[in-house]
Every structure is written in structure tokens, then in C-alpha cells.
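Overview (structure and organization)
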Amino acid sequence: RRVAASVTGVDDLDKCFVRKMGFDYYVEIDIRVDGELTVARGHEIAHEVQDAVREQIQDKRFARVLAHVEPARPPIVSLA
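For every chain, the first residue of its written sequence is number 1, and the numbers climb from 1 along that sequence. Given that this is a predicted model, residues contribute local features only at a pLDDT of at least 70 and side-chain atom pairs are listed and counted only at 80 or more, while totals for whole chains, interfaces and linings are drawn from all residues. Think of the side-chain values as coming from all heavy atoms in the structure, minus any hydrogens and water.

1. With respect to the overall build of the chain
- Helix numbering and strand numbering both begin at the N terminus, where a helix is a DSSP run of H or I of at least 4 residues and a strand a DSSP run of E of at least 2. A tally of regular secondary structure across the chain gives 2 helices and 3 strands.
- When its helices and strands are written in sequence order, the chain yields α-β-β-α-β.
- Counting only C-alpha atoms and orienting by the principal axes, one finds that the chain spans roughly 55 × 25 × 20 Å.
- For every residue, the accessible area obtained with a 1.4 Å probe (protein chains only) is divided by the maximum for its type, and the residue is called buried under 20%, exposed over 50%, and partly exposed between those limits. Of all 80 residues assigned to the chain, the portion counted as buried reaches 26%.
- Here, residues are in contact when the closest pair of their heavy atoms is within 4.5 Å. Counted over contacts in the chain with a minimum sequence separation of 6, partners at least 24 positions apart contribute 53%.
- Areas reported here follow the Shrake-Rupley algorithm with a probe of radius 1.4 Å; residue values treat only the protein chains shown as occluding. Put simply, the chain shows about 5,900 Å² of open surface, and 55% of that area lies on carbon and sulfur atoms.

2. A few points about the nonpolar core
- Core analysis: the biggest nonpolar cluster contains 17 residues, and Val 10, Ile 31, Val 49 and Val 53 have the highest contact counts within it.
- For this core, the secondary-structure elements that each account for two or more residues are helix H1 (2–5), strand E2 (24–33), helix H2 (39–56) and strand E3 (62–71).
- With 5 residues, the single largest contributor to this core is H2.
- If sequence neighbours within four positions are ignored, Val 10 has contacts with Ala 4, Ala 5, Ile 31, Arg 32, Ile 45 and Val 49. Here, the term nonpolar core denotes a set of buried Ala, Val, Leu, Ile, Met, Phe, Trp, Tyr and Cys residues that are joined through side-chain atoms within 4.5 Å.

3. A short note on H2
- To estimate how far a helix should reach, multiply one less than its number of residues by 1.5 Å. Taking 1.5 Å as the rise per residue, H2 with 18 residues should run 26 Å; its terminal C-alpha atoms sit 26 Å apart, in good agreement.
- Listing the buried residues of H2 in full gives Gly 42, Ile 45, Ala 46, Val 49, Gln 50, Ala 52 and Val 53. Viewed along the axis of H2, the buried residues span an arc of 165°, placing them on a single side of the element.
- Where H2 is buried, its residues meet H1, E2 and E3. Read the arc as the range of directions from the helix axis to the C-beta atoms.

4. Considerations on the packing of aromatic side chains
- Classification of ring pairs uses Phe, Tyr and Trp, with its six-membered ring standing for Trp, and accepts pairs whose centres are within 6.5 Å; under 30 degrees between planes counts as stacked, over 60 as edge-to-face, and the remaining range as tilted. For the coordinates displayed, the defined rule picks out 1 aromatic pair.
- Between Tyr 25 and Phe 62, the aromatic rings sit 5.2 Å apart at their centres with planes inclined by 25°, giving stacked as the arrangement. Of this pair, Tyr 25 sits in strand E2 while Phe 62 sits in strand E3, and the two are 37 residues apart along the sequence.
- The class for Phe 62 is partly exposed, based on a relative accessible area of 27%.

The following block contains the structure:
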């Protein structure tokens, strides 16, 4: 989560799961990006997150890192 949050363009994080399948592990993380970005830019940010997380994992049993892109939540505006 720390590594994913440090990638430029990631506004927030949501769910993060590590799943074991056989001898391998799979990381799934939901990232939130500016909802006004193009699909292409959101996709690039997801790949940057995946690459950054992979670089930090020393254990080769981590077979895949998948970043799912969600639009960032708009800020809550107080009516008071």
C-alpha cells in the first residue's frame, strides 16, 4: 500500500488483497485516480503501480500484481 500510494497520479487506495494460488501469490490493489483523466492515462498509472510494487517484492513466488483503477471520490462539501 505504501509503494502504490507513492506513485504519481494515485490519489487514494481502496482494497488490497494478497491471494495464494498453489505455490504463488497474487496481489490485487484498487487505486483511485483523478476521474477526469483519460482511460489511457489511468491505465499508465496502473502499470506504474504494478511495476513499483513488483520492484519492492523480493519473493519470486509473487506471480502477479494487478492494479484496478477507480475514479477518486469527490471531496465532501459541508453545507454548514
